[in-house]
Amino acid sequence: MASATAFGLSGALARGLLDTGWSAGAAVTARTVIAALALVVPGLLAVRGRWELLRDNLGLIAIYGVSAVAGAQLCYFYAVTYMQVSVALLLEYTAPVAVVVWLWLRHGHRPSGLTVVGAALAACGLVLVLDVISGADLSAVGVLWALGAMVGAASYFILSADESNGLPGISLAAGGLVVASVVLGTAGASGLLPFTASTADAVYDGFTVPWWATVLALGLVTAAFSYVTGIEAGRRLGSRLASFVALGEVLAAVVWAWLLLGELPRAVQLAGGLLVLAGVVVVKLGEGRAPLTVEPLPEPDPEPATLSGRPAA
């Protein structure tokens, strides 16, 4: 929830920059570069003396940076140039369904009935929160870009929850953000991503903030903090449950827009928020818990015994 709340802050904060002349590409790149700079030293310290972890996981870090960080943001940015923001968000946040399908097809983790019900509740809640039912124009190109953002988001949940590589979460976040910074910077330098910026103060509902303070908050809070806590959450909850809890980002975005921009949520959005939360609870119940079995203690052995397993989480 901490990660989702911080991620949800990014839209309202960025709005203050966009209204002064910043392009979305410049804001996203600045956010990513600052986060990378903040995490690169802690990320290296976390693997000090175990440098083989970085060497063995260079491919993973590259995929994470390209797909989960840069790819998701770039695809979403282009999606909203062809369609309404709410529709693009709705398509991107079908990522939890993609995670469920991936775990089923790739690992044989068939979802329970409660998980399916929870997913349906959360999906209905998202439709209400994003107010899509009021009418929206669809673009085939925009849909493809939004689905690309969905793939990036799904890869974020799947890769973040994988502990088998032995790479500390903060090191994965740092490496991914460094790779994403290079990708976004290259896209900007080549003209693929429009880059404009301004030194005017960011204006919010009743107050102003220096542009550099807003940029720092974007990088440190909505990126560095969000990615590290998100990875740690995924490794504790599993990719499926973490992806549904992360739907709280949409709710947080609505609340932050209310607090910072004065955009009051409508009653239908509040009702949708309750549905999303209900869906997350039902998905959690659907995850279940493997029964713990108590085995008799082994007979005393002169040789040290080896613990061969652990209770399921």
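Before reading on, note that the structure itself is shown above.
Residues numbered from 1 in each chain as written. Predicted model: local features only at pLDDT ≥ 70, side-chain atom pairs only at ≥ 80, totals over all residues. Heavy atoms only, no water.

Participant: Explain helix α1 (residues 2-18) to me, please; I cannot follow it from the model alone.
Facilitator: One turn of an α-helix holds 3.6 residues; hence residues three or four places apart share an orientation. Here α1 spans 25 Å end to end across 17 residues, near enough to the 24 Å set by a 1.5 Å rise per residue. The buried count for α1 comes to 12 of 17 residues, which makes it a mostly enclosed element. Along α1, the residues that are buried comprise Ser3, Ala4, Ala6, Phe7, Gly8, Leu9, Ser10, Ala12, Leu13, Ala14, Gly16 and Leu17. Buried positions along α1 lie against α2 (24-45), α8 (140-160), β1 (202-203), α10 (211-237), α11 (239-245) and α12 (248-261). (Helix = DSSP H or I, 4+ residues; strand = E, 2+ residues; numbered from the N terminus. Expected span 1.5 Å × (residues − 1). Buried < 20%, exposed > 50% of the residue type's maximum accessible area, 1.4 Å probe, protein only. Contact = heavy atoms within 4.5 Å.)

Participant: Help me out: how do you make sense of the pattern of salt bridges in this one?
Facilitator: Where charged atoms from two side chains of opposite charge come close, those side chains can pair. Scanning the model with the defined rule gives 2 salt bridges in all. The shortest N-O distance in the salt bridge between Arg236 and Glu232 comes to 2.8 Å. Pair noted here: Arg236 and Glu232 are both in helix α10, with a separation of 4 residues, about one helical turn. On the accessibility criterion, Arg236 (63% relative accessible area) is exposed. On the accessibility criterion, Glu232 (27% relative accessible area) is partly exposed. (Salt bridge = Lys/Arg side-chain N within 4 Å of Asp/Glu carboxyl O.)

Participant: Any chance you could explain the nonpolar core here in plain terms?
Facilitator: Here is a general trend for soluble globular proteins: nonpolar side chains tend to be buried in one another's company. If you look at the biggest cluster of nonpolar residues, it comprises 40 residues, and the most contacted ones within it are Tyr64 and Tyr227. Contributing elements (two or more residues each) for this core: α2, α3 (52-56), α4 (58-79), α6 (95-107), α8, α9 (169-189) and α10. Excluding residues that lie within four positions of it along the chain, Tyr227 makes contacts with Phe7, Tyr64, Ala68, Val69, Gln73, Tyr156, Ala173 and Leu177. In this structure, Ala122, Leu251, Val254 and Val276 belong to the second largest nonpolar core, which totals 17 residues. (Core = buried A, V, L, I, M, F, W, Y, C linked by side-chain atoms within 4.5 Å.)

Participant: Looking at this structure, I do not really get the side chain of Ser160. What am I missing?
Facilitator: With respect to the secondary-structure elements, Ser160 resides in helix α8. Here the side chain of Ser160 touches Tyr64 through a polar contact of 3.3 Å, side chain to side chain. (Polar contact = N/O pair within 3.5 Å; in protein donor to acceptor, adjacent residues only side chain to side chain.)

Participant: Sorry, what's going on with the side chain of Gln73 here?
Facilitator: Its location among the elements puts Gln73 in helix α4. Residues contacting Gln73, with those up to four places away along its chain left out, are Val28, Arg31, Thr32 and Tyr227.

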